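# Summary of the model geometry
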Amino acid sequence: MLGRPYNPETDREAAHRIWYECHWITSKEQEKNMDLFLAACRIHVAEMNGEAECLVASVPGTVRYLEEDVRLSVITGVTTSRVVRKQGLAGRLTAEAIAAAVEEGAQVSALTMFEQGFYDRLGFGTGGYEHMIRFDPADLNIDAEFRPPRRLTKDDWQIIHAGMIARRRSHGGCNLFSPELIRAELGWDEGGFGLGYCDGPNGELTHFFWVQGKEEAGPYQLKFLAYQTFGQLMELLAVVKSLGDQIRLIGITEPAQIQFQDLVRQPFRGRTVTAKTQYEQHLRANAYWQMRICDLPGCMAKTHLIGETFRCNVNLSDPIETLLDTDISWRGISGDYVVTFGPDSHAEEGKDPHLPTLNASVGAFTRMWLGVRPATGLAATDDLAGPELLLTNLDRILHLPPARIDWDY
C-alpha cells in the first residue's frame, strides 16, 4: 500500500510545506486554519525519503438521488509537493482514499476538479453545469417582507453546519458530515459575515446565508445559502436586496429548482452596462464537480424511477484498478451486470444472453445514472455504447431533474 494515515505530530511541518508550494496557504495565520481543515478530514499521506510529499483529504456524507440518500465520500483536497510531481503519487493515493471509503460503506465518490481529464482515470464522470450569477442586489425583483435577521459569526460554525444538514435538498444535493469542515471554511475568509433566522421548534437555525468578501461595495460571494422552504428563500433574498444600498455586486450559484434570472430586474441591461468593469454582472455555466459510482448494486437499490421496468446487461470498465496496489481488496466495479431500471431498480453480477448490452466506463454510466446527460448524448461524446433502441429506452426512463450538489467542496 502506498499511503498511510496523517500524523499531525510528525507530518505537520511537511504538510504545511506542501500547501505553501501549492499556494493553498501563504501565511503563518493560514497555517492554523489549514490544521483545522486537516483535523476535519481523513488524511492519506504518501512519503518519499521519510517525508510526507502528497496529501489526500476526504470526508463522509450523503448525496440525494431523487428522494433517497446515497452514502458518499468527498475528496476535499489533493496536494502534491514540487519534488514528486509526475510520479503518479496523487492518482494512486486518491485511489487508495476512495477504496478506504468504500470499505467503510461509501457507495459514491465525488470531488471538484482543477481541470477536466485528470480524475477521469480514477473513473470520475463530469457533473452538470452549475450556473454562476453575479448581480446587483438592488436589482432583485423581490417584494417579500423580512424580519431583522440574526447576525452569524465564525463562532457559529456548529449551528451553521446543522443548518446546512437540515436544508432543503433536491436531486444531487450533498451533505458533508464533518462540522469542523465548516469551521475551517469560515476561517479562510477575512471579511465574511452571515445573516439568518432561528425558527426551528427548539431555536435551530432554519435559513441563512454566509457571504465572503471584505470590500465596502463588493464584489461579494454567497458561500453558503440554506433554507427549508421557498418562502424562507424569498425572505433571505429580501435581506440580500436590503444590502443593495451599499453592496454593488454579489455572486451566487443558482439554487436548485430556481431560475434566478426570474428574480433580477432587467438582467440584460445590467450585463451590458457593467461589462468589463469591476462590478460586471453576468450569468455563466461551469461543470466543475465529478462523481463516480463505487457500489453499483447499492446505488441501484436506491434508484426508484417512474414508469415501466426496463432490463439490460451492463458491461462496465473501471480504470481505477490499475492505480490500486494488489493488497487493497476493493478493485473498482469493472465487470458484467444485469441491471433493472424502474420503481424497484437493482443490479446483480452476471449476463443475460436474451437482453441487450450497454458498454460503458464507470464515469459515463455515473453521468447517465445521475441524469447529467442522456444515454444517446453520452454515446456521442463519452465512453458509452449500445444498440439505438437500448439508448432511447434509457433516455426515456432516466429522465431526471438536474443534479445540483448545493454544497461546494
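Anyway, here's the lowdown on the structure attached to this text. This structure is a prediction, so every number in the text was calculated from the model and none was measured.

### Observations regarding the environment of Ile320
Along the chain, the position of Ile320 falls in the loop between β16 (310–317) and β17 (335–341). Residue Ile320 is classed as buried on the basis of its relative accessible area of 0%. For Ile320 and Ala52, which are 268 residues apart along the polypeptide, the C-alpha to C-alpha distance reads 23 Å. In this structure, Ile320 is in contact with Ala95, Ile98, Arg121, Leu122, Arg292, Trp330, Arg331 and Gly332, ignoring residues within four places of it in sequence.

### Examining unusual backbone geometry
That bond from Gly218 to Pro219 is cis: its omega, 0°, falls within 30 degrees of zero. The phi dihedral of Asn49 falls on the positive side, at around 55°, and the residue is not glycine. By secondary structure assignment, the location of Asn49 is in the loop between β2 (42–48) and β3 (51–65). With a phi angle near 65°, Lys86 is a residue other than glycine that sits in the positive phi range.

### Here's the deal with the side chain of Ser73
Structurally, the position occupied by Ser73 is in strand β4 (residues 68–80). On the basis of relative accessibility, which here comes to 5%, the residue Ser73 falls in the buried class. Apart from the residues within four sequence positions on either side, Ser73 is in contact with Ser58, Val59, Pro60, Ala101, Ala106, Val108, Ser109 and Ala110.

### Section: the packing of aromatic side chains
Scanning the model with the defined rule gives twelve aromatic pairs in all. An angle of 85° between the planes, with centres 4.8 Å apart, marks the rings of Phe118 and Tyr119 as edge-to-face. We classify Phe118 as partly exposed; its relative accessible area is 24%. On the basis of an interplanar angle of 40° and a centroid distance of 6.2 Å, the ring pair of Tyr227 and Phe230 is categorised as tilted. Taken together, the ring pairs connect Trp19, Trp24, Phe37 and Trp188 into an aromatic cluster. Here Arg121 stacks its cationic end above the ring of Phe118, 4.3 Å away from the centre of that ring. We note Lys223 situated over the ring of Phe224; from NZ or CZ to the ring centre the distance is 5.7 Å.

Here is what the cut-offs are and how they apply
Residues numbered from 1 in each chain as written. Predicted model: local features only at pLDDT ≥ 70, side-chain atom pairs only at ≥ 80, totals over all residues. Heavy atoms only, no water. Helix = DSSP H or I, 4+ residues; strand = E, 2+ residues; numbered from the N terminus. Buried < 20%, exposed > 50% of the residue type's maximum accessible area, 1.4 Å probe, protein only. Contact = heavy atoms within 4.5 Å. Phe/Tyr/Trp six-rings, centres within 6.5 Å; stacked < 30°, edge-to-face > 60°. Lys NZ or Arg CZ within 6 Å of the ring centre and 35° of its normal.

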